[in-house]
Amino acid sequence: MAFVVVLLVFTAFAVTILARPNAIIGLAFGVYCFEQWAQSNSAFFGSNASFINLGFGVLTLVALLIVVMRGQNPLNPLTSSYCWFIALYLFAGISCLWALDRQLSFFLFRFHLPYMVTFVMLLPLVIQKEND
């Protein structure tokens, strides 16, 4: 049952993204709760916890691709706060070099990297107008 619901929700968002790529923001606000619900109601999602995150990442890339295909430049306007975040995250990666437990530090950095790239670096690029 939960597998069908997850499939329907992702299909609905995929169809909606074709018309309005900024709809991915709605899924971003609820993806963690949705993931927890799916894991508690389905053994499949309990043992394959990353499937919903991968699906969200793919939908984010599709939304960004649609923005580009419409002739909009997702890097314009690139705010200074966006650039500062990238610099701060690079500094966090470099600071793993002088951590007390270097292996654990690099593991945690690599573990969270896909989430940071998806939520903080790619998702804001979908927003192009004030109405988005």
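Scoring rules and cut-offs
- Within each chain, residues carry numbers counting from 1 in the order of the written sequence.
- Local features in this predicted model are restricted to residues whose pLDDT is 70 or higher, and side-chain atom pairs enter the listing and the counts only when it is 80 or higher, whereas totals over whole chains, interfaces and linings include all residues.
- The side-chain values count all of the structure's non-hydrogen atoms but skip hydrogen atoms and water molecules.
- The way it works is that DSSP assigns letters per residue, a run of H or I at least four long becomes a helix, a run of E at least two long becomes a strand, and they are numbered from the N terminus.
- By definition here, a helix of n residues has an expected span of 1.5 Å times n minus one.
- Exposure is judged per residue with a 1.4 Å probe applied to protein chains only, and the accessible area is read against the type maximum: over 50% gives exposed, under 20% gives buried, and values in between give partly exposed.
- Two residues qualify as a contact provided that any one of their heavy atoms is within 4.5 Å of a heavy atom in the partner residue.
- Charged residues are defined here as Lys and Arg on the positive side and Asp and Glu on the negative side; His and the ends of the chain fall outside this count.
- A carboxyl oxygen of Asp or Glu within 4 Å of a side-chain nitrogen of Lys or Arg is what we treat as a salt bridge.
- Side-chain atoms alone can form a polar contact between residues adjacent in sequence; in general such a contact is a pair of N or O atoms within 3.5 Å, and within protein one must be able to donate a hydrogen while the other accepts it.
- Note: the arc covers the axis-to-C-beta directions of the helix.
- Nine residue types can take part in a nonpolar core, namely buried Ala, Val, Leu, Ile, Met, Phe, Trp, Tyr and Cys, and a core is a set of them joined through side-chain atoms within 4.5 Å.
- Here is the rule: rings of Phe, Tyr and Trp (six-membered ring for Trp) pair when centre to centre is within 6.5 Å. Planes less than 30 degrees apart are stacked, more than 60 are edge-to-face, and the remainder are tilted.

**Section: helix 4 (residues 50-69)**
Thinking step 1. An ideal rise of 1.5 Å per residue puts 28 Å on 20 residues; helix 4 measures up with 28 Å between its terminal C-alpha atoms.
Thinking step 2. Here helix 4 has its buried residues at Ile52, Asn53, Phe56, Gly57, Leu59, Thr60, Ala63, Leu64, Ile66 and Val67.
Thinking step 3. Contact partners of the buried residues in helix 4: helix 1 (2-19), helix 2 (24-41), helix 3 (43-47) and helix 6 (102-122).
Thinking step 4. Just beyond helix 4, the residue with positive phi is Gly71, at close to 85°.

**Section: the side chain of Glu35**
Thinking step 1. Relative to the elements of secondary structure, Glu35 occurs in helix 2.
Thinking step 2. Of the buried charged residues, Glu35 lacks a salt bridge, with Arg110 as the closest side chain of opposite charge at 19 Å.
Thinking step 3. Within the structure, Glu35 has its side chain in polar contact with the side chain of Asn53 (distance 3.3 Å).
Thinking step 4. When neighbours within four sequence positions are excluded, Glu35 is seen to be in contact with Ala49, Ile52 and Asn53.

**Some words on helix 5 (residues 80-95)**
Thinking step 1. Between its first and last C-alpha, helix 5 extends 22 Å over 16 residues, near the 22 Å set by a 1.5 Å rise per residue.
Thinking step 2. All of the buried residues in helix 5 are Tyr82, Tyr89 and Gly93. With its buried residues spanning 45° around the axis, helix 5 presents them on a single face. Facing away from the buried surface of helix 5 by more than 90 degrees, the exposed residues are Ser80, Ser81, Trp84 and Leu88.
Thinking step 3. Residues of helix 5 that are buried in the fold lie against helix 6.

**Some points on the nonpolar core**
Thinking step 1. Formed by 24 residues in total, the largest nonpolar core has its most connected members in Val6, Phe10, Ile24, Ile52 and Phe56.
Thinking step 2. For this core, the elements supplying multiple residues, two or more each, are helix 1, helix 2, helix 4 and helix 6.
Thinking step 3. Ignoring any residue separated from it by four or fewer positions in sequence, one finds Phe10 in contact with Leu27, Phe34, Ile52, Gly55, Phe56 and Leu59.

**Remarks on the environment of Gln103**
Thinking step 1. The residue Gln103 is located in helix 6 in this model.
Thinking step 2. Taking the C-alpha atoms as reference, Gln103 lies 30 Å from Cys33; in sequence the two are 70 residues apart.

**A word on the packing of aromatic side chains**
Two aromatic rings, taken as a pair, are described by how far apart their centres are and by the angle between their planes.
Thinking step 1. Throughout the structure, instances matching the rule amount to 12 aromatic pairs.
Thinking step 2. Ring geometry for Phe56 against Phe119: centres 5.0 Å apart, planes inclined by 25°, an arrangement best described as stacked. Here Phe56 is found in helix 4, whereas its partner Phe119 is found in helix 6, with 63 residues between them in sequence.
Thinking step 3. Take Phe56: its relative accessible area is 1%, and that puts it in the buried class.
Thinking step 4. For Phe119, a relative accessible area of 31% translates into the label partly exposed.
Thinking step 5. Their ring planes at 25° and their centres at 4.9 Å tell us that Tyr89 and Phe109 sit as a pair that is stacked. Placement of the pair is Tyr89 in helix 5 and Phe109 in helix 6, with a sequence separation of 20 residues.

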